[in-house]
Each structure stands twice: as C-alpha cells, then as structure tokens.
Amino acid sequence: MDTAQRITFAIGGMSCGGCAGRVERALTAVEGVRDVAVNLATETATVVYDAPATAAGLAGPLREAGYPARSRTATLTVGSMSCASCVGRVDRALAAAPGVIDVAVNLATETARVTYLEGATTPQELAATATRAGYPARIARIAGAAGATASAAGAAGAGTGPGAAAGSDAPAADDMRTRKDREARVLRRDTAVAAALALPVFLLEMGGHAIPAVHAWIGDTIGHQTSWLLQFVLTTAVLAGPGRRFYAKGVPALLRGAPDMNSLVALGTAAAWLFSVVATFCPGLLPAGTRAVYYEAAAMIVVLILVGRWMEARAKGRTGAAIARLVGLQARTARVERDGEQVELAIEDIVPGDVLVVRPGERIAVDGAVIDGTSHVDESMLTGEPVPVAKAAGDPVTGGTVNGAGGFRFRATRVGADTTLSQIIRMVEEAQGAKLPIQGLVNRITLWFVPVVLGLAALTTLAWLVFGPAPVLGHALVAGVSVLIIACPCAMGLATPTSIMVGTGRAAEMGVLFRKGDALQALSDVSVVALDKTGTLTEGRPELTDLVPAPGVDRAEVLALVAAVEGRSEHPVAGAILRAARREGVPAHEVAAFSSLTGYGVRARVAGREVLVGADRLMTREGVDTAALAATEAELARKGRTALYAAIDGRVVALLAVADPVKPASRAAIAALHGMGLKVAMVTGDKPETARAIAAETGIDHVIAGVLPDGKVAALEALRQGGRIAFVGDGINDAPALAQADVGIAIGTGTDVAIESADVVLMSGDLRGVVNACEVSRRTMRNIRENLFWAFGYNTALIPVAAGVLYPALGVLLSPVLAAGAMALSSVFVLSNALRLRRLRPAMDEGAGAPGPAPSTAPTPVPAE
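Predicted model, so just to flag it, every value in this text is computed and none were measured. (Residues numbered from 1 in each chain as written. Predicted model: local features only at pLDDT ≥ 70, side-chain atom pairs only at ≥ 80, totals over all residues. Heavy atoms only, no water.)

## Focus on the overall build of the protein chain
A count of helices and strands for the protein chain gives 29 helices and 29 strands. Within the protein chain, residue pairs in contact and separated by at least 24 positions form 71% of the contacts whose partners lie at least 6 positions apart. Working note: accessible area of the protein chain is about 34300 Å², and carbon and sulfur atoms make up 58% of it. (Helix = DSSP H or I, 4+ residues; strand = E, 2+ residues; numbered from the N terminus. Contact = heavy atoms within 4.5 Å. Areas by Shrake-Rupley, 256 points an atom, 1.4 Å probe, with all protein chains shown as cover.)

## Section: unusual backbone geometry
The amide bond that connects A51 to the next residue, P52, takes the cis arrangement and shows omega of 10 degrees. With respect to the secondary-structure elements, P52 resides in the loop between β3 (44-49) and α2 (55-65). Despite not being glycine, D649 shows a phi value in the positive range, around 50 degrees. Relative to the elements of secondary structure, D649 occurs in the loop between β22 (642-648) and β23 (651-661).

## With respect to the UniProt feature "transmembrane region" (unreviewed entry) in the protein chain
Under the present numbering, the feature "transmembrane region" (unreviewed entry) in UniProt falls on residues 192-214, 226-243, 264-286, 292-311, 445-467, 473-496, 788-807 and 813-835. Secondary structure within residues 813-835 divides into 87% helix and 0% strand; the distance between the first and last C-alpha atoms comes to 34 Å. (UniProt positions renumbered as here; feature names shortened; annotations may be inferred.)

## A word on a positive patch on the surface
On the surface, R182, R185, R188 and R314 cluster together into a patch of positive charge. In terms of residues, the positive patch owes the most to one element, helix α5 (residues 170-210), which gives three residues. Tracing the sequence through the fold places R188 in helix α5. (Patch = residues over 30% accessible without salt bridge, like charges linked within 9 Å, V, L, I, M, F, W, Y side chains within 5 Å. Salt bridge = Lys/Arg side-chain N within 4 Å of Asp/Glu carboxyl O. Lys, Arg positive; Asp, Glu negative; His and termini not counted. Charge placed at Lys NZ, Arg CZ, Asp CG, Glu CD.)

## Notes on the sheet that holds strand β24 (residues 679-683)
The strand order across the open sheet built from seven strands is β16-β28-β27-β26-β17-β24-β25, with neighbouring strands paired in mixed fashion. Looking at the sheet topology across the chains shown, the edges are occupied by β16 (512-514) and β25 (702-704). Across the sheet, the axes of successive neighbouring strands diverge by a mean angle of 20 degrees, strand direction being ignored. Where β16 and strand β28 (residues 760-762) come together, three bridges link them in antiparallel fashion. Bridge pairing in β28 links L513 to V761. In the packing of helix α27 (residues 768-803) onto the sheet, contacts are made with β16, β17 (528-531), β26 (725-729), β27 (743-747) and β28, and the angle to β16 comes to roughly 55 degrees. (Pairing = 2+ DSSP bridges. Axes fitted to C-alpha atoms, helices over the stretch in contact; angles between N-to-C directions.)

## Remarks on the pattern of salt bridges
One pass over the structure, following the stated rule, counts 26 salt bridges. A salt bridge links R335 to E344, with the shortest nitrogen-to-oxygen separation between them at 4.0 Å. The class for R335 is buried, based on a relative accessible area of 15%. Close ionic contact of E543 with R579 constitutes a salt bridge, the shortest N to O distance being 3.3 Å. With a gap of 36 residues between them, E543 in strand β18 (residues 543-549) and R579 in helix α19 (residues 572-584) connect regions that are remote in the sequence. Just as E543 is buried, R579 falls in that class too. Beyond isolated ion pairs, a larger network of salt bridges with shared partners links R603, R605, E610, R621 and E622. (Buried < 20%, exposed > 50% of the residue type's maximum accessible area, 1.4 Å probe, protein only.)

## Side note on the environment of Y294
Relative to the helices and strands, Y294 resides in the loop between α9 (261-281) and α10 (295-319). Through-space distance from the C-alpha of Y294 to that of G474 is 9.2 Å; in sequence the pair is 180 residues apart. Ignoring sequence-local partners within four residues, the contact set of Y294 consists of A272, F275, S276, G474, L477 and V478.

## Here we look at α2
For α2, the set of buried residues is A55, L58, A59, G60 and L62. Looking one or two residues beyond α2, the residue adopting positive phi is G66, at roughly 95 degrees.

## Comments concerning the state of the cysteines
Tallying each qualifying case throughout the model produces zero disulfides. Between C86, a free cysteine, and C83, which holds the nearest cysteine sulfur, the sulfur-to-sulfur gap is 3.8 Å. C86 sits in the buried class, given a relative accessible area of 0%. (Disulfide = S-S within 2.5 Å.)

## Section: a nonpolar patch on the surface
The grouping of W448, V452, L456, L459, L462, L465, V466 and F467 at the surface amounts to a nonpolar patch, some 870 Å² of accessible area in total. As for its position among the elements, L465 is in helix α14 (residues 437-467). For L465, a relative accessible area of 40% gives the class partly exposed.

## Notes on the pairing of strand β5 (residues 100-106)
Judged by how many residues are buried, β5 sits mostly within the fold: five of seven residues are covered. Here β5 pairs with strand β6 (residues 111-117) via six bridges, running antiparallel. Note on β6: the bridge partner recorded for V105 is A112.

## What about helix α4 (residues 123-132)?
Within α4 the residues assigned to the buried category are P123, L126, A127, T129 and A130. Taken end-on, α4 shows its buried residues confined to a sector of 155 degrees, consistent with a single buried face. G134 lies just past α4 and shows a positive phi near 100 degrees. (Arc of directions from axis to C-beta.)

## Focus on the environment of A530
Along the polypeptide, A530 turns up in strand β17. In sequence terms A530 and G729 are 199 residues apart; their C-alpha atoms lie 8.8 Å from each other. The residues touching A530, leaving out its near neighbours within four places in the chain, are A681, V683, L716, L719, I725, A726, F727 and V728.

## Observations concerning the packing of aromatic side chains
Within the structure shown, the criterion is met by seven aromatic pairs. With a centroid separation of 6.1 Å and 25 degrees between ring planes, the pair formed by F232 and W273 is classed as stacked. With F232 in helix α7 (residues 224-240) and W273 in helix α9, this pair connects stretches of sequence that are 41 residues apart. Over the aromatic face of Y600 sits the side chain of R621, whose NZ or CZ is 4.7 Å from the ring centroid. (Phe/Tyr/Trp six-rings, centres within 6.5 Å; stacked < 30°, edge-to-face > 60°. Lys NZ or Arg CZ within 6 Å of the ring centre and 35° of its normal.)

## With respect to the environment of A715
Within the element layout of this structure, A715 appears in helix α24 (residues 709-719). Classification of A715 by relative accessible area gives buried; the value is 6%. Separated by 185 residues in sequence, A715 and A530 have C-alpha atoms that sit 9.6 Å apart.

## Things to note about the confidence of the model for the protein chain
Confidence in the prediction for the protein chain averages 81 pLDDT; 83% of positions are at 70 or higher. Across the protein chain, the element-wise mean pLDDT spans from 43 in strand β29 (residues 859-861) up to 95 in strand β10 (residues 355-358). Considering only residues more than four positions removed or in separate chains, one finds that residues 145-174, a stretch of pLDDT under 50, has 83 contacts. The low-confidence segment residues 847-865, where pLDDT is below 50, has 78 contacts with residues more than four positions distant or belonging to other chains. (pLDDT = per-residue confidence, 0-100.)

Right, dumping it as structure tokens:
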C-alpha cells in the first residue's frame, strides 16, 4: 500500500530562479522525499514524501538553507480527554496530519497547540482530525508565524515589539473559564443524582454485610431477592444515567484499540453489574457457592469517580485563575475623541492614533503616550512596584494600569492583541501549554499504561480463577475490577501540566514571564547566574554621587557655577551634574566664552569668573594645584567613581564624583541568589578596575570584564564549566549572550532585541525579579516531582494490593468501592498539591524592602570629559 503524503506549503525568502533551485535541492536531499516542485510565482513547494521524512524534517533543511517554510499555530479546544493516554492519542493523531510540525496537548487546559506548515493543512482540518480520533475539537485561536511571541518590551514601556496574533486573548480565556464552570455544574448535578440513587444500594448491601441485624431485618421484611431487585433498578439507573458518559466514551475507545480511563471504568462497572444481574435473575448459571451481587460496587464506583471529576473540574478552573485575573485587568470601554466629540467606545473599536481621555480613578484601556495633563498611574500590575508613577506629556502609559487622582489625554499606539497586557496573556498561555522535558517520560509511560492495566486485570482474574479459594468466581471478579479501577492514570496525566499552569500563572502575577515553557525546568537546574552590568546591575545612566568642596568653599555656589558650564556640554557627565543642580535648586548663571577641551574637560566664564571642570590632567596643564583634594580623589577612584576637579580663577575649589549607580536592590538580590546556593558572575565590557569595584560592593563571586558583545558568548562558555548558566541582560549587545545561555533572562525595561532573545522576561527593572524567577522555577519543579511521586507511587503500590497480593498473608482483598475512592483521591491530591503554588510568595517583594543586606549604592565610573 502506498503511504506517501503530498503536501503544498508556503516558503519565504525566494526571489529568483536560483532561490527556487536551492529550495528544491534542499528538499530533495531529505531522505524519504520522492518528488519536489517549487513554484517561484506562488512561493510554494509541493512535496511528495514517505517515511522517514516528516513535515518537521522538511522545515529543518529549508531553514538551514535560508528559505524558511512559513508556519502557523492553531490552538484547538479538545473534548473528552480524561487521562494521559487520551493525551497521547490526540498527540499522535494530530502529529500524523499532513504538514504538522509540532503538537503540544495539555490535559489540564484541554487544549492542543498545533504548529503546521502554512498551506499544507488548515485549523478546520486539524480539528476534524482530532474529532475523528474520538476527541471532539474546535478552533480556539489561530496565530501567525509559529513561535513568534509578541515582544514584552512594551510591558515596561520600552518600545514596540512584533504583534501577536490578531484578536484578543480575552475570549479564549473567558471561554475556558466558562466551560470549566459549566462542566463543574453538570458534574455536581450528576454526582448528586448518582449519590441519591446509590446510597440505598450501599446501605442495603453493605449494611447487611457489616451488621447481622440489618441482614436479618432485610430478610424478615422485603426479603433478600426483593432487595437485589431494588438494587438492580437503582444501580441500572446510575449506570444508564450519570454513569452513561463512561460507556459512551470508553467503549468506542476500546473498540478502536485505544482504551482510556473511561474504558477501565466501563469494563469494571459493567463486569460487576453483569455478574450481579446473572446472580439475580439466572442464579443457575453460576457455580454453587458463588451467588453474590456487587451492585453497590458498580454504583459507588460511578459516584466516587464523578466526585473526583467534579473536584477536578473545579480545580482546573482555578488553575487558570491567573489568566482570568489578567483578562480582568482589561478595560471594556474607553472615552475617545472622534470628530471633535468624546464618545464611549468598546476597546475593540479603538485604533492606533486615537486620542483617549482618562479621568481620575479610571483603568487605562490601551497602550499609548500622554499628550497633555499630569497624573500618577498605578503600574503595580506590571512591575510589582506599589508606588504610583508620575505621568506627563510624552510619557508612555500601559493598558490595564490604573490612573490616580489626575486626568490626561493620550494617543493610542498599540491596541488589541498588540497591547502589553495581551502580550503578557499570550506569553503566560504559551508557557502554560508548554511540554517540559520531564513530561516526555510521563507521556511515554502513560501511552502504554492502560493496555498494560487491562492485561494485568485479565491476568489477575485468571490467577484467582485457577488458584483462588471459594467462592472463586466472586474473588476473581472483585480482584479484576479493583485492578481496573485503581489503576486509572488520571493523576499521572495531570501531575505536570497543572503545576505548570499554576506556577507560570503565579509567576506572571509576580512580574516574571516565562516566554519559553522549557525555561521553567531549565532555570531550576542553573548553577551560575551571570549578570550584565549597565542597566542590569546599575541604573544605566551616570549620576553625581559626590561633591567635596575645598576648605572654606560654599558647596551650593560651586554646584551652581559648574552646572552653568556643563549646561553647554553634551557629555553624559554634564547631564548628571545638571540633574543634581536641578534637584538641589541652585540658581542659574549666564555663561560666556565656553570652550570644550577634548580629552581634558570644559572652560567658561560664569558671572565674571573663570571656571574649569575636568580631569586631573586638565588641572596639571593649566597649572592648578590639586594637592588639597588629591587624597580624596584617590579614595573615590578606589570606590570605582570618576573624579573631576572644579577650579575657579585658577584655584581648585571642589572635587566632583560621577558614576552609574548600582540599583538599590542589586546587592540584596545577589545575597538572595547566594542564599539559594547559586554562584553569581558579572560579564561586562567595562574596565576591570571598575568591574572589580562593583563586584566588591555587591558581593559578586566572579568578574569577566573588558569583553565585547561576541566576547560575552565566549565568557559564558568559560563559566559553563561550573554548571548550567543563566544570563541576565537588557541591551542589544546582550542578545547573543541571552540566546547562548542555558536560560536567558531579560530585564523588562530593556530593548526589544534583548527581550526577543530571552527565555524569561522580568517586568520589573531590577534583579529581585531574578530571585523570584528562580524561586518559582524551583518550587514548581519540586511540586511536579511531588505529583509524579504520588501518581506513580500510588499506582505502583496499589495495583498489587488490588490484585490480592496481601490476601494469602492477611486475608485482605481490596473492595472495588475502596479502589474507586482511592483513584479519585489520587487525582484530587495531585490537583490540590498543584494549587498550593497559588499561595507562593515572592522570594523578594518588588515593592517592600527586600530581605538581606542593605541595598548598595556602589556606582560605575563614566569616562571623564
């Protein structure tokens, strides 16, 4: 039989016949490709291929050749998935569809994210593929280029990144929450009905077994046969009503040769019910001494599993609470100026360029820039900083933040899915849907788990029939059904995705965005954290840190004269001095005869006095004696500060120190990283002396200084000898290192390029976010390991118990009812354990004082004028 597939997909980058030829050669070289036809006019390729070629295998060589295949990502909502085996079957069905590059199926969110070659298939066809496999699917969202996550630079008001897919993420999040709430309501109703019907069955049968007087009372009143008939009616109602879902899904899956959890429940309850029916109506068909009924087992199994599923549905709804809260931050309407009037518009109707009016206390609808007016805006939802940020003309504002007491107008720059909040929601959703490396092992095991359980149940039944004591058939039935029920792999399938969902959602609330899901696991294994200096450890702009006047000289007067001279200079040092003068409110002076002395400093006449500002070499050249302040200058240099002299009328009057201050939280954050057992290194292009001064002040373990951007990559390779490495940076020159590190962490106030190269984005502008990211990663991975230990340990330990391994020694045979309760408890435990991550507190509070040593003010020197 011919198994070849034929697909046509779009290719980017082709501009001439030579390009088309190279594309054809790249595709032809793939093993398994039979025929290739490249169309330059339509920029497509039609490929006929067979195993071992795959869609992903076709995309790889094209990317290496410089002509990437265009891809898209569709998110499908998939129904009827109840365990990890279902996940495996949906994954295989979608992966086998033409043109599919990658599939990530998430049991917790009941979604599948499929990346496919554009033109080779459609989201509608993918949904139909999952539906044909027995799992009804519909399209939740379609994105553009696969993996193109919107930049989060704007999340801190720092520019514009590539947009996300058209449309808002809010509907998808709302739909998920609504669907889970509806499912929980239905399950609660069905559970109540099943419990009401099953309770009399349980009391009649188990009461008679446990209490002899009850057994005698039943015999003396309605009679045992009538009791069994009543149990038959009630149990049949349970199975045909609330329990019908298990048969409707489990039997077809069994007939397809792909049994799932529903199949196990259907087989177990059907076996107990059928045996009981025979015992009730045709007792002559059973061997002597084996007549018994197990109606209560069949009914209570359904009740207990429905209870577990109801609790699962409620818990799954809460795992997406972070997304719901983010969606809740979006304004629904805004006041927009149109044709000279203010009108109330839905945010979907706002377009870039619209002018919006914000009143006191209102939530800002979209991203933009202030035109006029002033206010303070609460941006804690982005940065975690509780102090409102002052806003005036020209300042950026972010959708979802809350205006204070003032009012202003602003022009919309990013709307819809391009807003910072939508980008954050998208990043969180993609991280929540990630398939971590640890999950691969789980998927491989659970893929074969249900068939193995069916085999064990059959083997258990056979063993009891051959070797068991009387009544043989009854014991065999109890043991076989118990194995079927207790081994349902629900907990295994939920162990990883629920922890990921809750952990990454809580991280987002703390200002930590995992752009790439596998970074959640990778960060927990990091041994070394390497930091860029400028803008990461330090503020990124020079400030005046010291002004030491000579004896008998007025400080304010010196600052006023020096600021007047520096007002004519464009050097960064001048800006630092001017900002200090404005803060201190010194008087302004007129300047005459200004001249810049390249490499030395500046000179000017101010208020009739000759003023010189510059390095010691300028004073030496001009014959100015600096001995009075020489010792102070040497001390400042040892602290890593750039010292400048000021002279008036030929006499030195002051020493000024200018530096790039270390961010207040840096030292405490580094101490916290040390407390986690991590080594901290600094990789910078600055001078070694400066870098060592910063390292000494902040407690950094290792310094690599004087490196160019490409040298940072080599520096990381050297540091990697100490273990897996995370690199933290914010500039364009950090992008190569962010991409090269095992985990790249971008400061959210940095550039788009740096953020797009990173695995993790920090919404705040300092290193406390790194500490919180590491804490979230470690706690989430620990939570996943706890879940997996429980899920696998539970099944490993209790399957033999259910099979009857304790019976020869202790006479204990696990009841199917207890097995159903234990199975439901297993899933609830895993979900409850994952939900504990919702209470995770930041390791370092972004707003309050950080723990650890006092924040450092160590500065970085800047070049002298």
